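Tertiary structure, described
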Amino acid sequence: PIPYSPHLVKTADKISHQLEPYVAIHWRMERLEPTTNLVPCAHDLVEKVKRLGISNVFLLTDYPHLLNTPGAKPESSSFHPNQLKAAHHRAIRYVYQQLNVTLTAASDPSLPNLPWQLVPVNTENDQSVLGIIDKLVALKAQYFLAGEPGVCAKSSSFTGGISLYRSN
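Just so it is clear, the structure is predicted and the values come from calculations on it, not from any experiment. (Residues numbered from 1 in each chain as written. Predicted model: local features only at pLDDT ≥ 70, side-chain atom pairs only at ≥ 80, totals over all residues. Heavy atoms only, no water.)

**A short note on the overall build of the protein**
Rules: What counts as a helix is a DSSP run of H or I of at least four residues, what counts as a strand is a run of E of at least two, and both are numbered from the N terminus. Burial classes follow relative accessibility: with a 1.4 Å probe on protein chains only, a residue under 20% of its type's maximum area counts as buried, one over 50% as exposed, and anything between as partly exposed. The contact criterion used throughout is that any non-hydrogen atoms of two residues lie within 4.5 Å. Only the protein chains shown count as covering a residue, and every accessible area follows the Shrake-Rupley method with a 1.4 Å probe.
Across its full length, the protein carries five helices and five strands. The burial tally for the protein puts 46% of its 168 residues in the buried class. In the protein, once contacts between residues fewer than 6 apart in sequence are set aside, the share between residues at least 24 apart is 72%. Surface summary for the protein: the accessible area is close to 9000 Å², and the carbon and sulfur share equals 52%.

**Side note on the state of the cysteines**
Keep this limit in mind: The disulfide definition used here is simple: a pair of cysteine sulfur atoms within 2.5 Å.
Tallied over the entire structure, the rule returns one disulfide. What pairs with Cys41 in a disulfide is Cys152, and their sulfur atoms sit 1.7 Å apart. Negative torsions about the S-S bond denote left-handed disulfides, and the value of about -75 degrees found for Cys41 with Cys152 makes this one left-handed. Pair noted here: Cys41 is in helix 2 (residues 38-52) and Cys152 is in the loop between strand 5 (143-146) and helix 5 (157-167), with a separation of 111 residues, a long-range link.

**Remarks on the sheet that holds strand 2 (residues 56-61)**
What links the strands of a sheet is backbone hydrogen bonding, and the strands pair in either a parallel or an antiparallel sense. Defined as follows: Paired strands, as defined in this entry, are two strands with at least two bridges between them according to DSSP. Axis lines are fitted through C-alpha atoms, for helices just across the contact stretch, and the angle between N-to-C directions can take any value from 0 to 180 degrees.
Ordered in space as 4-3-2-1-5, the five strands form an open sheet in which the pairing is parallel. Only two strands of the sheet have a single neighbouring strand rather than two, namely strand 4 (117-120) and strand 5. Put simply, the sheet's adjacent strands are angled 25 degrees from each other on average, direction ignored. With four bridges joining them, strand 3 (residues 100-105) and strand 4 adopt parallel strand pairing. Residue pairing in the sheet places Leu103 in a bridge with Leu118 of strand 4. Those strands touched by helix 5 are strand 1 (22-27), strand 2 and strand 5, and its axis lies near 150 degrees from that of strand 5.

**Overview of the pattern of salt bridges**
Short version of the rule: Definition used for salt bridges: Asp or Glu carboxyl oxygen within 4 Å of a side-chain nitrogen of Lys or Arg.
Under the defined criterion, the tally for this structure stands at four salt bridges. Between Lys140 and Asp13 there is a salt bridge, and its shortest N-O distance comes to 3.0 Å. Of this pair, Lys140 sits in the loop between helix 4 (128-139) and strand 5 while Asp13 sits in helix 1 (residues 6-19); the two residues are 127 residues apart in sequence, bridging distant segments of the chain. Arg31 serves as the salt-bridge partner of Glu30, at 2.7 Å between the closest nitrogen and oxygen.

**Side note on the side chain of His88**
In plain terms, the rule: N or O atoms within 3.5 Å of each other form a polar contact, as long as, within protein, one can give a hydrogen and the other can take it, and as long as residues adjacent in sequence are counted only when both atoms are side-chain atoms.
Following the sequence through the fold, His88 ends up in helix 3 (residues 86-98). Within polar-contact distance, the side chain of His88 engages the backbone nitrogen of Lys85 at 2.9 Å.

**Focus: the environment of Ala106**
As for its position among the elements, Ala106 is in the loop between strand 3 and strand 4. Residue Ala106 is classed as partly exposed on the basis of its relative accessible area of 39%. If sequence neighbours within four positions are ignored, Ala106 has contacts with Val121, Thr123, Gln127 and Leu130.

**Thoughts on the pairing of strand 3**
Of all six residues that make up strand 3, five are buried, and the element is covered over most of its length. Here strand 2 pairs with strand 3 via three bridges, running parallel. By the bridge assignment, Val57 is partnered in strand 3 with Val101.

**Comments concerning the packing of aromatic side chains**
Rule in force here: Only rings of Phe, Tyr and Trp enter the pairing, Trp through its six-membered ring, and a pair is recorded when the two centres are within 6.5 Å. The plane angle decides the type: under 30 degrees is stacked, over 60 is edge-to-face, the rest tilted.
One pass over the full model with this rule turns up one aromatic pair. Between Tyr96 and Trp116, the aromatic rings sit 4.9 Å apart at their centres with planes inclined by 35 degrees, giving tilted as the arrangement. Of this pair, Tyr96 sits in helix 3 while Trp116 sits in the loop between strand 3 and strand 4, placing them 20 residues apart in sequence. According to the relative accessible area criterion, Tyr96 is buried, its value standing at 12%.

Put into structure tokens, the structure is as follows:
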């Protein structure tokens, strides 16, 4: 495989070192049915993270966190507002309230009153950069968790790639 750009690897390394120790979580929520599973899945996720005894969480998700933040552009362009249900919001809000969550975004870190830590990433006008950085940070986490496909999350080759790399 072609290696990632050294400056992207360096950015991911910097984020990883700032978070250590941390749990990386990939939670793909887009088009998950039934959405009634999301809140119980959020509760299970929080319990698992708390049992690990690590307070920092790096969250990779397609949920558009900055959707309702004035002056910010949502990170996910694939998850449209009309697809969001109350269960999506309740599940994410519960995770925010219970865990010390960090996310990457191509946004100004000075956005007020966010319930999570925001790490700005220079995407160089290429939104795929966020996915690359997120993947590289997840590869270095002390633990990696993902939602069970078809129950708590959509099946994802992104999740599979991270899991395979980490298991090797």
